[in-house]
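Report on the structure
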Amino acid sequence: MEEMPVYFGDVQISQDYSNLKQTLYAKWKDAVPGAYNQELTAQQREQQQKKLLTALDKFITQSDDPSSILNNLKAADDPPLYCGRALRNGEPTYSCRDCALDPTCVLCMQCFHLSGHKTHKYRVEINTSGGSGYCDCGDVDAWKTAPACSQHDKANLATKQDPEARLPEDIKRRAEVLIDVVLQHCYTVLVRQEYNRPLSELDNSSASKTSSNCFCVMLLNDEIHTYDQVIERLEKAVHCTRKEGVEYATTVDREGRTPVYRGPRSNCQKISSAIQEKFSSSDKKILEALIMHETVVAHQEFALSLLRWLEHLLEYSDGVRRVFCRVAMSPRGNTQSLVEDILLSDTLFWKATRQQFHQLFMTGVFKDVENKTLFAILFTKHYGAIYEKFVRDDHYRIASATVVTVQIYTVTTIVKVLIEKHHLIEVILRTILKESEKWKNERGILSFQRRRIAKDYDIFKKVQFALNDLKYALSSALPGLQWSTDMKKSFLAGFSTFLELFSQIQGMDGMKRFTTQHIEIEPEWETAFNIQLKSHDCIALLLRWCSSNTEILFDVYSTVLQHLVKLRDVSTCQITVAQHTVDCCMFEVGGTESYTSIHLPLHRMLAGLNNYLPEGVNFLSPQFAPLNKRMDLADLLEYPLRVLVLLAQVQADMWKRNGYSILNQIYYYQFVKCRQEMYDRDIQLLQAIAALMDPNSFIIHLLHKFNIASVFQQEEPLFSSLSVKLMTTLIDEFLHLLIIILGERYVEGVGEVTRDEIIQREIIHLLAINRMSHSDLDKNLPEDPNLETNLESNVQKVAEFQRTAASKGMYSLTDECRSQFNSCFYHYNKSDQSKAEDYQRLHRKNSGLDQALPIPSPPRWCSRYAAISKLYTCDVMLYLIHTLLGNMVAKRSKLKSESHTERVLHLITLALHNDKQACLAGDKSLAFVKAAQSYYGASDYHSARLNERFSIHDLLNKCVSSPHVTHEPIKDLLQYVLKYFVSVAEVEFEAAAQSSKTASPADDLFQQQAARDRQRRLNKAAKSRSKLLDKMAKMQRKFLLDSKDLFEECSNEAESQLKAASSLMDISSLDDTADPVALGLHQTPSHSHVDNFVCILCQGASTINDDSTIVYAALIQRSSVLSRKDTQAPEGTSVTMLFTPADLRSGVFTSTCGHPMHASCWKRYHENAVAKEQARAQRAFLGWRIPLFDIEKGEFYCPLCESIANAVLPVLPSVQKFQPSLPVSASVSEVTLTDWLKVLTQLSNAGVASAAVEEHCPFPDLARQAADTVFSQLMGLYDYIAALNETVLSEEMSGMVTKYLLSTYSVFKGVKVSPLEALEEKDLGPVIWNTTAYTIQVTEHLLRSDGKPLFGHLTQREEMCIMLLVRFASICRKVLPQSVVGLHCKTLLQGLLLPHPTQPNQFREILDIMSNNCILDIDVWHYLVSLVFALPSLFASRTHLIPTGSVNEQYLLHVLLSLHMTQIMLGSIPSESKSPVVNQPSSSATATQPEEDTNMDTEEDNSCKLIQVYMRIHASIGIVKPQSAPSARQLQTHIINASLPFLRCAALLFANLTDVPAPPALHALSDPPEEYAIISRYLAIPASPSELFIDEVVEILVNKCSDMRVQQRFSQGRWPLMVVEYPLKVNTLVKLPSDFSELINSASLFMCPNSMGSDESRTPTLCLICGEMLCSQSYCCQVEMPGFRSGSKDNSIGAASHHAIKCGNGSCMFLRVRQCQVVLLSGHNKGCFLPAPYVDDYGESDVQLKRGNPLHLCSTAYRDLHRLWLSHGIQQRVARSVIASSGHLLAEWFHL
Ligand SMILES: [Zn+2]
Ligand SMILES: [Zn+2]
Ligand SMILES: [Zn+2]
Ligand SMILES: [Zn+2]
Ligand SMILES: [Zn+2]
Ligand SMILES: [Zn+2]
Ligand SMILES: [Zn+2]
């Protein structure tokens, strides 16, 4: 069949495709520079670039519609066997603790939710692999069970057909040649280092006009210079703005390079050298900037998009993908494959290119095992070279080719091949050895002294990443390991290389003891431990490998011995103790010229191997000849013993002149992550040697090395150079070591224990120190790469878990397990030990037990170690015991120590345990018991000293009565040992009976002893208790002063008690029969009580009636917590002080901590504090510090509780006291609402008419003209009172009142206002009215949100705050100019009573203020409060009247409540009258039922009237027939529900204004109708809503509704969007998903809004208030805010800081999703972190997701956050954290 001709565009391609490359180049030569021409628009460029790529698709398919053909290919593929989805940065990944073969096996979110692991123990992490991570779903090598999710579990559907065979032959052929050409081209263009001109084949310079402007400066990325350095340099070099600089820096960091200048070559040269200038002489590296030809840049950029195109193409078909693998990985002629070329050139590419290549490997090569293996082999072949380039490169690992190792070295089948055939282990280690070479000293040991740490030290640090690869390889190849000949050979070679590395570490960082002066330079020690930490898992894995084959094991053991033989120290001396003489190594630890090193990896390797040797084989066995002839056991013992002696000497403070380095080393030596392969191995080696060596020699070696042999040598001990104290400590440490050698067996291969028992013992000893949370436990347990810790199941066996809802859960030890506590546990440091002993003794005490801590019987030795037991009865041991006990009994002995006795007792107990164990096993010789009864000392000396011959047993008995044994626990221990001795001595006869019982018989004896001792102790305790109480009382006083936070808690408690008492009082003092009435003519007489205060500063008492002014520290803050963000305010609604918009977009909230101070005392305190802070600020120039408080804003801290405050609120006397309401005259009582309205309307009309004539308060004059009888009655009421009683404020008081007015005003305006200009400010009054209204409204919301009744449940400080604010708002009128308040009053009345002006020129003033706000846009509650405080000015021009709760207030409430109900009726009415009021009991419907029955008629009437009103109101806005008119009942219920918050606020206001106590019923929760009834009675308004609507009122309402603007709203159909729905719901924080990983996932999809969708945000941050996601802490989203950062010329702040200003008036709450952390921001540059409200099953949060346990929303914690926000606690919380850090926090919060 004749082949069809093939075309590229319109060029025909030859049969053999030989002209394809030419054709492509001919096209690209002109088209590529054209498509990247900077003169085109971005859109044009994109179009042209796309065309170039589509041409390639068209070529492959030979079709004009390539996508349909490609999609067909895709459809023909087998369903994917595994997911392999590339994981985005920041997206959640899931791994299964039960089933994943290693932690690198992860699932994507979709697969996880479809997988079986959901019910397992899984972990969640945030993917940070930078796009190199893949979902392992379906990979059978990755999972023990359930390898695929339900979506990918389709293995059986696969056709097993070769994917390439499925590909049409012609497409396959074309794909092959095209991929070859394209990939080759990309590599050539991208790797090219010549930037002046393009490849000659692509050079079009002759054709195009050679412009001189065709060069650019390309800035390159490195990971050394900071953003700021780069930006600063660019600002100078290319004269860009800071914003542009930020953009360049961001791009260069993300992409790896960016052009920063285009122009002629000469300019480029100048700029490039300006950029490349060194920052300082010590600069490690210059900022690189290349000069590149534009055409070169264009071709490189195009090559990058070709790679993307290629990646996309491969996804279409498995067949094409395999073609790609073949092309990319086969050798080309004699040269290596393209993949190898690319890998080896990795560091020559810029970041984006590297990542694109890696991406291509992932999609192209890693999808099937054959190709992945092939790739892995190629990679391993060049492993060394790739690493060599990577470590010298200045990019992070994530941007390097080495990042793929986690993909290839974790696959079992691949790794086995690599190790067996390609020597992977050796390859990896050789790579490290190559770099370590230059760090070796003359003895061949690594040395990193500080002076040598230079830039190439980083290289050595980076090469250690290779140890991770080794770990992957060793652990992945382990399952099903087969030892073929090749495998053995390769492994042994690898192991030898490993030992080569170890022999470079053996003896590293040897230390000499400083004895006279302190060390000058702390030596470097970190590197050795870093290698140790990194190789820790490798060692454990290598041991595992060795243990699986005896032949290998023996071979390896010999190799280690070969290394050790070289280390022999041959100098010896003879030591004799108890007539045994031993040749000991001379070396003295801590001697003046001896160096001791902690690093003995070779010895420790041997110790590890020891445990796996077969039965009967040991160091001395012939298998290891002749090596064991060239060194003996003593040589083996020497080095680990030195380290343990060093440890003892450090404990004895002998090394204190050596500084911190030695302390750090000792710490890490025993640190949980290191000790398994360090300290533990040293102990094991000593144990192994003890089992083989002559016991006497063993102990003498120890004595000698501890330098204490002399004590046991002479008759009269000579204390060489060491003091008695030192000697005592060293003997302690020596005995401790003996106890450990004899007692510690919880290691597999050492004692007969299981893995679980080992873990349980660790847990027991951790919990013996204290209770612990799950995470702390997890952190402190050792990890083993071979085995799971099984923390869960093990901890359940030994501990109880307790958790309360609010706090994290804690484990505590079960009582059964306490008996297993051993105070000499070898993983305890000294402080752990004493903490644990104290804790356990306390527990024993509380359970009435004695103080001895019994020593548990250890498990049996493994047979290899069993011979250690001979130590107990050897001469030297018995002699030691005898001597040390003898010391305690002897009259004169310098070495008398109870701690020695304690340890000796411990040793004896172990010996007795041993006898007993032997006995139970059938050996009834009771070796130790007999020896102890018959041993009388080695010489006669001691007996002579004691005048008698005593056995050890005798000495024990003598100790009981020795005056030198005073310590209670030791006495108890002594008793315990004696009893136990007896019981073991008799065990011979009981053995048979006891054989089944494993518990120590001593425990029973113990109980009896305990009972006897108990009484004695109780008596003693009673005596000491009374002493203690006195002492505690003293301490408490001091404590309170010291710890204010704690005081705060105490006082809270006291406060609530106080409140309980006072609220009880309120109720009881009431008249039982009549409910109180707060307003109107029938006002209940107020409840007067004298306020007493104690000034917290001078402790002087004071009452409200004194001359001295009392103030409270108050915090005034702008707030938006009530804002209706869901309601979009109509455009143009204006915020004025008098008319608060209905959406409550912003307000001013006031709070106080409730601590009274004299105004004069406070002034002194404040001046002092300001002076101090100023001095501190001056000192602070040395370090960047946050000011503790902002002096400019008048901030200070409460001297008692350290709450932050910015004002002082004066305490004013009660309004009633100020202006007592007098008995109302009869004439006044006749004023009806109708009359009252008539008068006010007249006044308003008159006022408006004459406004132009008389500017200032025209009412009184006009009123006189009106001459209305009713009016004069009203006037009479006020005049009468005023005339009788005008109290004048004291000068100090009015000063403080003015000050507070200004403080509030300043916060509202956001600027400091000077007193002089501000008093003239007309908004001063309205600001106070507003904050009063707002604070009450917030309080009502808080109570509602907490589900608490209106009264009696506020804290005292909240109650106090409202009371003082209300008093202040009414009385502050006395300092405000009467005329201004009068004007406000007039405006408010006109807005309420007059119809909306129809002619624009009429009523100009109202128009100005209300121009855009109609009834729908105003918050009626604020309106009411303003009117209440403004109205009195209407009636008196001469005096300053204040509201008292008279008829005026009553009628105002009546009218405004009906206005509010009109708003409600204009909103939507829920069809089912389910009450939206929170916490309303569900029984409401049934509760109202009976009432309805009895009042059926009136109810019906009322409802009908309501409907009529409803219809009239709707008619007035032009809606004659509302579409869905509610039923009368619905309407009534809804109105009651919806108006209730308003009424509750009113009740709070008037209760505080009038001091009439609230009815008791309001102290409890009730149904809305009931609550409505109670409040209406209390406030003297009609009981039914319908009664509010008398004709005159309806008239007013209809007036308001016929407002044109209201009509417009409804006619335009925008309704109800713009109407705030009532009742106002309590604002909540954003609803968060229950599963935290969902949140991570949605955050990972969030793209930085400023990076054109190209980049995910690194710190996605969720505003918890409005739900907006932000790109925080990133240059890309910074915003300029001039003046925000005081003292800095840089005005840019982070996205979150900026959002906080917009969203929360500066105080805002965010969730940093990836950090799993809440951040509070407040004010300028202040903030603090809190844990996110997500916890794991143990109730713990997980900041930074370090543990990875699945997290779920903790509703309690989230509710607390909500309350913190709603109660305006953010600023306070942040201030506390600033104080707690004393301003040392260096965090630059504005960057967030
Ligand atoms: Zn997946
Ligand atoms: Zn899947
Ligand atoms: Zn699982
Ligand atoms: Zn005072
Ligand atoms: Zn306070
Ligand atoms: Zn951003
Ligand atoms: Zn927000």
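Residues numbered from 1 in each chain as written. Chains lettered and ligands numbered in written order. Predicted model: local features only at pLDDT ≥ 70, side-chain atom pairs only at ≥ 80, totals over all residues. Heavy atoms only, no water.

To continue, consider the overall build of the chain. When helices and strands are tallied, the chain shows 68 helices and 27 strands. Of all 1792 residues assigned to the chain, the portion counted as buried reaches 57%. For the chain, contacts bridging at least 24 residues in sequence account for 78% of all contacts bridging at least 6. (Helix = DSSP H or I, 4+ residues; strand = E, 2+ residues; numbered from the N terminus. Buried < 20%, exposed > 50% of the residue type's maximum accessible area, 1.4 Å probe, protein only. Contact = heavy atoms within 4.5 Å.)

Reading fine detail from the predicted coordinates is not recommended where pLDDT is low. The predicted model of the chain averages 81 in pLDDT, with 82% of residues at 70 or higher. Per-residue pLDDT stays below 50 along residues 940–944; that stretch engages in eight contacts with residues further than four places along the chain or on separate chains. Across residues 1473–1495, where pLDDT falls below 50, the model places 19 contacts with residues more than four positions away in sequence or in other chains. (pLDDT = per-residue confidence, 0-100.)

Looking now at the side chain of S962. Structurally, the position occupied by S962 is in the loop between α40 (952–961) and α41 (968–985). You can call S962 buried: its relative accessible area is 7%. Of the polar contacts made by the side chain of S962, one reaches the backbone nitrogen of H964; its length is 3.0 Å. (Polar contact = N/O pair within 3.5 Å; in protein donor to acceptor, adjacent residues only side chain to side chain.)

Bringing the coordination of the zinc ion (ligand 6) into the picture now. Angles between donor atoms at a metal ideally measure 109.5 degrees for a four-coordinate tetrahedral arrangement and either 90 or 180 degrees for a six-coordinate octahedral one. Coordination of the zinc ion (ligand 6) by the protein is provided by C1648 (SG), C1671 (SG), C1676 (SG) and C1677 (SG), with metal-donor distances spanning 2.1 to 2.3 Å. Viewed at the metal, the four donor atoms of the zinc ion (ligand 6) are separated by angles of 100 to 122°, and the geometry they form is tetrahedral. Its relative accessible area of 2% is what places C1648 among the buried residues. (Donors = N, O, S within 2.8 Å, 3.2 Å for Na, K, Ca; no water. Tetrahedral: all angles 85-135°; square planar, octahedral: opposite > 155°, others 65-115°.)

The next subject is the pairing of strand β25 (residues 1726–1731). In the sheet, strand β24 (residues 1717–1722) pairs with β25 via six bridges, with the strands oriented antiparallel. From the neighbouring strand, V1718 faces β25, where its bridge partner is L1730. (Pairing = 2+ DSSP bridges.)

A few words on the coordination of the zinc ion (ligand 5). At 1.9 to 2.3 Å from the zinc ion (ligand 5) lie its protein donor atoms, namely C1153 (SG), H1155 (ND1), C1198 (SG) and C1201 (SG). Each of the four donor atoms around the zinc ion (ligand 5) contributes to a set of angles spanning 106 to 115°, which defines the coordination as tetrahedral.

Two modes of strand pairing occur in sheets, parallel and antiparallel, and in both the strands are linked by backbone hydrogen bonds. Reading across the sheet, the three strands line up as β15-β14-β18 and stay open at both edges, with antiparallel pairing between neighbours. Lying at the two open borders of the sheet, with one neighbouring strand each, are β15 (1147–1158) and β18 (1207–1210). Taken pair by pair, the neighbouring strands of this sheet meet at an average axis angle of 40°, ignoring direction. Most of the contacts of helix α52 (residues 1324–1346) go to β15, to which it runs at about 90°, and overall it touches β14 (1110–1119) and β15. (Axes fitted to C-alpha atoms, helices over the stretch in contact; angles between N-to-C directions.)

Our next topic: the packing of aromatic side chains. Under the defined criterion, the tally for this structure stands at 53 aromatic pairs. When the ring of F825 is compared with that of Y828, the centres are 5.2 Å apart and the planes differ by 80°; the resulting orientation is edge-to-face. Aromatic ring contacts, followed pair by pair, group F361, F366, F375, F379, Y383, Y387, F390, Y409 and F465 into a single cluster. Over the aromatic face of Y639 sits the side chain of R642, whose NZ or CZ is 4.4 Å from the ring centroid. (Phe/Tyr/Trp six-rings, centres within 6.5 Å; stacked < 30°, edge-to-face > 60°. Lys NZ or Arg CZ within 6 Å of the ring centre and 35° of its normal.)

Okay, the pattern of salt bridges next. If you walk through the whole model with that rule in mind, you get 54 salt bridges. For R123, the salt bridge goes to E125, with nearest N and O atoms at 2.4 Å. The class for E125 is partly exposed, based on a relative accessible area of 30%. Between R642 and D569 there is a salt bridge, and its shortest N-O distance comes to 3.0 Å. Linking R642 in helix α26 (residues 633–651) with D569 in the loop between α23 (550–565) and β8 (572–577), this pair joins segments that are 73 residues apart in sequence. By sharing partners, the salt bridges in this structure join D318, R321, R322, D368 and E370 into a single network. (Salt bridge = Lys/Arg side-chain N within 4 Å of Asp/Glu carboxyl O.)

Our next topic: the packing of helix α17 (residues 412–422) against helix α21 (residues 485–505). Running from amino to carboxyl end, α17 crosses α21 at an angle of 80°, the nearest separation of the two axes being 7 Å. What the angle tells us is that α17 and α21 run roughly perpendicular. Note on element contacts: α21 touches α17 through D486, M487 and S490, opposite K416, I419, E420 and K421. Among the residues forming the contact of α17 with α21, the class breakdown is two nonpolar, one polar and four charged. (Parallel < 35°, antiparallel > 145°, perpendicular 65-115°, else oblique. Nonpolar A, V, L, I, M, F, W, Y, C, P; charged D, E, K, R; others polar.)

Helix length check: helix α54 (residues 1378–1393) (16 residues) gives 22 Å between terminal C-alpha atoms against 22 Å at 1.5 Å per residue, within 8%. Where burial is concerned, most of α54 is hidden: 14 out of the 16 residues are buried. (Expected span 1.5 Å × (residues − 1).)

Take the nonpolar core next. In terms of nonpolar packing, the biggest core is built from 289 residues, with W28, F375 and M605 touching the most fellow members. Once residues within four sequence positions are removed from consideration, F375 is found in contact with M329, V339, L343, F361, V365, F366, V404 and I408. In this structure, I1362, V1381, L1624 and L1711 belong to the second largest nonpolar core, which totals 217 residues. (Core = buried A, V, L, I, M, F, W, Y, C linked by side-chain atoms within 4.5 Å.)

So, about unusual backbone geometry. Here the residue pair A625 and P626 is connected by a cis peptide bond, since its omega of 0° sits within 30 degrees of zero. Following the sequence through the fold, P626 ends up in the loop between α24 (601–610) and α25 (627–630). Note the cis peptide between Y1622 and P1623, where omega equals -5°. Here the phi dihedral of L1144 falls at roughly 45°; this positive angle occurs in a residue that is not glycine. Position of L1144 among the secondary structure elements: in the loop between β14 and β15. With relative accessibility at 0%, the residue L1144 sits in the buried group. Positive phi is not limited to glycine here, since H1768 has a value of about 60°. Inspection of the secondary structure assignment puts H1768 in the loop between α67 (1755–1766) and α68 (1770–1780).

Another aspect to go through is the packing of α52 against helix α56 (residues 1420–1430). Any two packed helices are characterised by how steeply their axes cross, that is the angle between the axes, and by the distance between the axes. Following both chains from N to C, one finds α52 and α56 inclined at 135°, their axes separated by 9 Å at the closest point. On the basis of their axis angle, the class for α52 and α56 is oblique. Our pair here, α52 against α56, has a crossing hand that is right-handed. Here W1329, N1330, T1332, A1333, Y1334, I1336 and Q1337 of α52 come into contact with α56, specifically with W1421, H1422, V1425, S1426, F1429 and A1430. Grouping the constituent residues of the contact of α52 with α56 by class yields eight nonpolar, five polar and no charged. (Left-handed = near helix turned anticlockwise from the far one by under 90°.)

This paragraph deals with the sheet that holds strand β6 (residues 257–263). On the basis of which strands lie adjacent, the open sheet formed by three strands has the order β6-β5-β7 and antiparallel pairing. Each having just a single partner strand, β6 and β7 (289–293) make up the two edges of the open sheet. Each adjacent strand pair in this sheet contributes to an overall mean axis angle of 30°, direction not counted. Bridge count between strand β5 (residues 215–220) and β6: six bridges; the pairing is antiparallel. By the bridge assignment for β6, M218 is matched with P259. The sheet contacts of helix α10 (residues 294–314) involve β5, β6 and β7, and relative to β7 the element is tilted by about 95°.

Time to look at helix α36 (residues 875–889). Taking 1.5 Å as the rise per residue, α36 with 15 residues should run 21 Å; its terminal C-alpha atoms sit 21 Å apart, in good agreement. When you tally the buried positions in α36, you get 14 out of 15 residues, the bulk of the element.

Mapping R1658 onto the fold places it in the loop between α65 (1636–1644) and β19 (1660–1663). Here the alpha-carbon distance between R1658 and N89, two residues 1569 residues apart in the chain, equals 8.5 Å. Contacts of R1658, omitting those with residues within four sequence positions, involve D253 and R1714.

Moving on, we get to the environment of I1575. Take I1575: it is sitting in helix α61 (residues 1568–1578). When its relative accessible area of 0% is taken as the criterion, I1575 is described as buried. Separated by 32 residues in sequence, I1575 and L1543 place their C-alpha atoms 7.0 Å apart. What I1575 contacts, discounting residues up to four positions off in sequence, is L1350, L1540, L1543, R1544, A1547 and L1562.

This brings us to the environment of A31. Looking at the element boundaries, A31 is found in helix α1 (residues 20–35). C-alpha separation for the pair A31 and K51, spaced 20 residues apart in sequence, amounts to 9.9 Å.

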